[in-house]
Protein chains: 2
Amino acid sequence: MENFVAYNPTKLYFGKSCVDKLGKEATQYGQKALVLIGKGSIKKNGILDKVLSQLKNAGIDSTVYEGIKSNPIYQDADAAVAQGKAFGATMVIAVGGGSVLDTAKAVAAGLYVAHSVWDFYTRKAQAPTQAAPLITVLTLAATGSEMNMFTVLQNDETGVKSGYGHPLLFPKASFLDPEYTYSVPLDYTAYGVADLISHVMELYFEPSDSPLSHYYSSDIIQLAIQYGRAVMNNPTDYDIRANIMWLATNALNGSLAAGKRGGDWGVHGFEHSLSVLFDIPHGAGLSIVYPAWLKSYQPDISTKLDFLAQRLLGPDAKGVDYINMLEKFYRDDLGIPTRLSEANIGTDKHALILENLRQNRVSGGFFQMDEARHQDLLNRMA
Amino acid sequence: MENFVAYNPTKLYFGKSCVDKLGKEATQYGQKALVLIGKGSIKKNGILDKVLSQLKNAGIDSTVYEGIKSNPIYQDADAAVAQGKAFGATMVIAVGGGSVLDTAKAVAAGLYVAHSVWDFYTRKAQAPTQAAPLITVLTLAATGSEMNMFTVLQNDETGVKSGYGHPLLFPKASFLDPEYTYSVPLDYTAYGVADLISHVMELYFEPSDSPLSHYYSSDIIQLAIQYGRAVMNNPTDYDIRANIMWLATNALNGSLAAGKRGGDWGVHGFEHSLSVLFDIPHGAGLSIVYPAWLKSYQPDISTKLDFLAQRLLGPDAKGVDYINMLEKFYRDDLGIPTRLSEANIGTDKHALILENLRQNRVSGGFFQMDEARHQDLLNRMA
């Protein structure tokens, strides 16, 4: 086990009607809320009204910033910062999926600086010394942003998608009502399952040894596969949605990081080039890149692959069985792409992808990628 | 899954030499530390000196309260409160095992009230509105107190051992260096393993369903058995001690409580009567009571027993196999008592025990115990 620090101060409310407690929770953070939302589906299904009435009844004024894209861009964060400053926002409230939450984290820090939030992501700016309290209401289970200090935004102008993390960016409180995810389309539900499984694998395959983390990792993957299959036929079953939602939180809330050294994140880096170039959903990019990565690095990770295979498939299973099972799960059960061609990205785009990977120096923390490896992965995922 | 709130703000430093960061961490909590310790073994092995020099080098004055017993009594907490008030303590530092940490939690709240800390445990006093920041340095893996808001103290005069919990009692920071547990005697190491397994079972057997919690529960029990066996022959192996230490924290830091309703805790209630009456170690009481409880309630918990058996012993195992394996593990591998007679408590004491159980109305939150059940458990553990 590696030395580590475990710290996660987010207060997470989970379950049916938990948003009823949002107003009371928010009163400790002032009286002016900047509310961030996506493309507006939550205006139709009543979730936004619910949140706004919670705020109003608690004596909190609010202003809404609308329009955050599913691959969120820094310009939305900067525009929301301007709106929040003009409004005198004392808190930020994110209502949506990971893209809205990640934008809200940038906004929470951006409210206290004069520069673009993008400067945090490029490390041009110093780390924030202050951030507005952030409350999140999650409507899509995937990124785990509701209970961690990380945020990913992109810059379409420069073709860079980049992550940033700071302890000030932990949400103060997050509200997770599984019923709020009933209306998530099946394809986005599936991308979320692929996303959460990928978070587990980024940490798990890092070479260091941490037995409890590894047991937990296999549990999350096993249950994500079980409930991922189930949700495709039962999208409004409470227990199925609740399990997927809680699995996604646990995949990236730090509980798997204990005794590890932070994870590899090479697959995420590779995927970021795909979503910034082609605007494909992050989860779809991951279900394409991960099978290729597992096959390419199979000799280096065989012990860990065998352990996963045995935990999920029985004592006689081998690592390759795990890879095949996972790929088949993505393709046949979830119906999401496992090849670039299935996302309409042809071989004519390989040069473009390779150039973006090269420019962004995409590699893993433990499994280094050179240009030959980029090419090998591309060949496997064509 | 039941509705729940997940919240744990403790910052936990884990690993070799992590105490080197204590001084810096403590500087944010004022300049006067009340340091609590047990019977003095940490004065011999240099751990106390290490902590005191960390404080001194950070410009923090300290006073030491020594002598907390392994079944901690409220009188020590009250005396430490008096010492801390006279000293003007701005923070409390606990260096020791669960007994020292639990006492320190009482002291942290007690510094801000005029009444005995025992009044919190009897609910005679109102809940605390303030508590001194608490930092812990753990030297014995067992209770999980280093990362939760719970404390258990006893009153020898009235024969009551009672728990209390409040969010103000979460340690601000805890330091867990597995090397600090190398010198824990094998019997107390074993009691700690029995204690951590019991915490998992109190939550696990609660009737509600929470799949991830149940998978995690089986992992902790499985690894506790594996590393519990290993530590008996390798008490100074870093990885073995590290795993046991981290398992004990996770058994009761809230991560298993997600989707559950708080656990049963009937076995703990029963054990409290044993340790308050006979001053036996808490873990020894638990290794006596749990096998009896599992056998007595077997018809009510058969599904959950079967799941544990299959996870730990293979697809054909049944619940009874789990009970037998656990009892054998306590008796043969750990060498700790599984019967009252092995702790020198004869049948002549049964009437005394029954009277204490009756007076304290010992029962579980979900599995009710009447006097006939108390008698049935006593018969099984005689």
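Residues numbered from 1 in each chain as written. Chains lettered and ligands numbered in written order. Predicted model: local features only at pLDDT ≥ 70, side-chain atom pairs only at ≥ 80, totals over all residues. Heavy atoms only, no water.

### Section: the overall build of chain A
To keep it simple, the criterion reads: We count a stretch as a helix when DSSP gives it H or I for four or more residues in a row; a strand needs E for two or more, and each element gets its number in order from the N terminus. Our radius of gyration looks at C-alpha atoms and nothing else; its globule reference is 2.2 Å times the residue count to the power 0.38. Partly exposed describes any residue whose relative accessible area lies between the buried limit of under 20% and the exposed limit of over 50%, with all areas from a 1.4 Å probe on protein chains only and scaled to the type maximum. Throughout, a contact is declared for two residues whenever any of their heavy atoms are within 4.5 Å.
Each helix and strand in chain A was counted, giving 15 helices and eight strands. For 382 residues, the compact-globule estimate of 2.2 N^0.38 gives 21 Å, and the C-alpha radius of gyration of chain A, at 20 Å, lies within 12% of that figure. Principal-axis analysis of the C-alpha atoms gives chain A an extent of 60 × 45 × 45 Å. Looking at the 382 residues of chain A, the share that counts as buried comes to 60%. Across chain A, every contact between residues at least 6 apart in sequence was considered, and the portion connecting residues at least 24 apart equals 79%.

### Digging into the packing of aromatic side chains
Put simply, the rule is: Any pair of Phe, Tyr and Trp rings, taking the six-membered ring for Trp, is counted once the centres come within 6.5 Å. Such a pair is stacked with planes under 30 degrees apart, edge-to-face with planes over 60 apart, and tilted for the rest. The criterion for a charge sitting over a ring is simple: Lys NZ or Arg CZ within 6 Å of the ring centre, and within 35 degrees of the ring normal.
Under the criterion given, the structure shown has 37 aromatic pairs over all chains. With 4.9 Å between their ring centres and 15 degrees between their planes, A:Phe4 and B:Phe14 make a pair best called stacked. With A:Phe4 in strand β1 (residues 4-14) and B:Phe14 in strand β1 (residues 4-14), this pair bridges two chains. Like B:Phe14, A:Phe4 is buried. Within the aromatic cluster, the residues linked to one another by ring pairs are A:Tyr204, A:Phe205, A:Tyr290, A:Trp293, A:Tyr297 and A:Phe367. Between the NZ or CZ atom of A:Arg373 and the centre of the ring of A:Tyr297, over which it lies, the distance is 3.8 Å.

### Here we look at the packing of helix α12 (residues 302-313) of chain A against helix α13 (residues 319-334) of chain A
Residue and element names in this part refer to chain A. Heads up, the condition is: With axes taken as lines fitted to C-alpha atoms, and helix axes fitted only over the stretch in contact, angles between N-to-C directions fall between 0 and 180 degrees. An angle below 35 degrees is treated as roughly parallel, one above 145 as roughly antiparallel, one from 65 to 115 as roughly perpendicular, and anything else as oblique. Here a crossing is taken to be left-handed if its near helix is turned anticlockwise relative to the far helix by less than a right angle, and right-handed if that turn runs clockwise. Under the convention adopted here, Pro, Cys and the residues Ala, Val, Leu, Ile, Met, Phe, Trp and Tyr are nonpolar, Asp, Glu, Lys and Arg are charged, and Gly plus all remaining residues are polar.
Remark: α12 packs on α13, axes separated minimally by 7 Å, with the N-to-C direction vectors making an angle of 65 degrees. When the axes of α12 and α13 are compared, the pair comes out roughly perpendicular. Two packed elements cross with a definite hand, and for α12 against α13 that hand is left-handed. Across the interface between the two elements, Leu-305, Asp-306, Leu-308, Ala-309, Leu-312 and Leu-313 from α12 touch Gly-319, Asp-321, Tyr-322, Ile-323 and Met-325 from α13. Considering only residue class, the contact of α12 with α13 consists of eight nonpolar, one polar and two charged.

### Some remarks on the packing of helix α7 (residues 186-204) of chain A against helix α11 (residues 282-296) of chain A
All names here are of chain A. Where α7 contacts α11, the axes come no closer than 8 Å and their chain directions differ by 45 degrees. On the basis of the axis angle, α7 is oblique to α11. For the pair α7 and α11, the crossing hand works out as left-handed. Residues Tyr-191, Ala-194, Asp-195, Ser-198, Met-201 and Glu-202 of α7 form the contact with α11, whose own contacting residues are His-282, Gly-283, Ala-284, Leu-286, Ser-287, Tyr-290 and Leu-294.

### Some points on the pairing of strand β8 (residues 173-176) of chain B
The side chains of a regular strand alternate between the sheet's two faces. Residues and elements named next belong to chain B. Our working rule: We call two strands paired when DSSP finds no fewer than two bridges between them.
Both faces of β8 are covered, namely the face carrying Ala-173 and Phe-175 and the face carrying Ser-174 and Leu-176. Looking at chain direction, β1 and β8 are connected through four bridges and run parallel. In the strand pairing of β8, Leu-12 is matched with Ser-174.

### Considering the relation of the copies chain A and chain B
Here is the rule: A residue counts toward the fit only if its pLDDT is at least 70 in both copies, and the copies are then superposed by least squares on the C-alpha atoms of those residues.
For the pair chain A and chain B, the relating rotation is 180 degrees, the translation along its axis is 0.0 Å, and the fit reaches an RMSD of 0.0 Å. Both chain copies can therefore be described as sitting about a two-fold axis. The rotation axis passes nearest to the C-alpha of A:Pro9 in chain A, at a distance of 2.1 Å. Both copies contact each other with a shared surface, as 100% of the interface residues of chain A are interface residues in chain B too.

### Structural notes on unusual backbone geometry
Within the chain, A:Ser17 stands out as a residue other than glycine whose phi angle is a positive 65 degrees. Structurally, A:Ser17 is set in the loop between β1 and α1 (22-26). Positive phi outside glycine occurs at B:Trp265, with the angle close to 70 degrees. Mapped onto the fold, B:Trp265 is located in the loop between α9 (238-251) and α10 (266-278). A relative accessible area of 25% places B:Trp265 in the partly exposed class.

### Overview of the confidence of the model for chain A
Worth spelling out the cut-off: As a per-residue measure, pLDDT reflects the predictor's confidence and takes values from 0 up to 100.
When pLDDT is averaged across chain A, the result is 97; 100% of the residues are at 70 or more. Our summary of model confidence lists the complex with pTM equal to 0.97 and ipTM equal to 0.97.

### Comments concerning the sheet that holds strand β5 (residues 134-138) of chain B
Within a sheet, adjacent strands bond to each other through the backbone by hydrogen bonds, running parallel or antiparallel. Strand order in this open sheet of 12 strands is β3(A)-β2(A)-β4(A)-β5(A)-β8(A)-β1(A)-β1(B)-β8(B)-β5(B)-β4(B)-β2(B)-β3(B), and the pairing throughout is mixed. Edge positions in the sheet fall to β3 (61-65) of chain A together with β3 (61-65) of chain B, since each of these pairs with one other strand and no more. Strand-to-strand twist in this sheet, taken as the mean axis angle between neighbours without regard to direction, amounts to 25 degrees. Two strands pair when backbone bridges link them, and strand β2 (residues 32-36) of chain A and strand β4 (residues 91-96) of chain A are joined in this way by four bridges, in the parallel orientation. Within β4(A), the position partnered with A:Leu34 by the bridge is A:Val92. On the sheet, helix α5 (residues 98-110) of chain A packs against β2, β4 and β5 (134-138) of chain A and is oriented at approximately 170 degrees with respect to β4(A).

### Some words on the interface of chain A and chain B
We count it as follows: Here the quantity called buried area is the accessible surface, traced with a 1.4 Å probe, that two parts lose on coming together, added over both. Only one rule defines a salt bridge in this text: a Lys or Arg side-chain nitrogen within 4 Å of an Asp or Glu carboxyl oxygen.
Every contact between the two is made by 36 residues of chain A and, on the other side, 36 residues of chain B. Across the chain A/chain B interface, buried area totals approximately 3100 Å², and carbon plus sulfur atoms make up 61% of it. Three residues stand out in chain A for area buried against chain B, namely A:Met1, A:Leu212 and A:Tyr216, and they jointly supply 21% of the buried area on that side. In this structure, the connection of chain A to chain B is made through two salt bridges. The shortest N-O distance in the salt bridge between A:Arg311 and B:Asp219 comes to 2.9 Å. Listed by contribution, the elements that provide at least two residues to the side of chain A that touches chain B are β1, α8 (211-233) and α9 (238-251) of chain A. If you tally residues by element for the side of chain A that touches chain B, the top one is β1(A), at 11 residues.

### Section: the pattern of salt bridges
Taken as a whole and assessed by the stated rule, the structure comprises 26 salt bridges over all chains. Between A:Arg339 and A:Glu327 there is a salt bridge; the shortest N-O distance is 2.5 Å. You can see A:Arg339 sitting in the loop between α13 and α14 (350-359) and its partner A:Glu327 sitting in helix α13, a full 12 residues away along the chain. The exposure class of A:Glu327 is buried, given its relative accessible area of 7%. Connected via shared salt-bridge partners are A:Asp219, A:Arg311, B:Asp219 and B:Arg311.

### What about the pairing of β1(B)?
Examined bridge by bridge, β1(A) and β1(B) share seven bridges and lie antiparallel to one another. Across the sheet, the residue bridging to A:Leu12 is B:Ala6, located in β1(B).

### A word on helix α14 (residues 350-359) of chain B
Residue and element names in this part refer to chain B. Rules: By construction, the arc corresponds to the directions joining the helix axis to the C-beta atoms.
Listed as buried for α14 are His-350, Ile-353, Asn-356 and Leu-357. Considered in projection along α14, the buried side chains sweep an arc of 130 degrees and stay on one side of the axis. Trailing α14 by a residue or two, Arg-361 shows a phi angle of about 50 degrees, which is positive.

### Here's the deal with the side chain of A:Ser210
All names here are of chain A. With respect to the helices, strands and loops of the structure, Ser-210 is situated in the loop between α7 and α8. On the accessibility criterion, Ser-210 (1% relative accessible area) is buried. Each residue touching Ser-210, except ones within four places of it in the same chain, is listed here: Met-1, Ala-258, Gly-259 and Lys-260.

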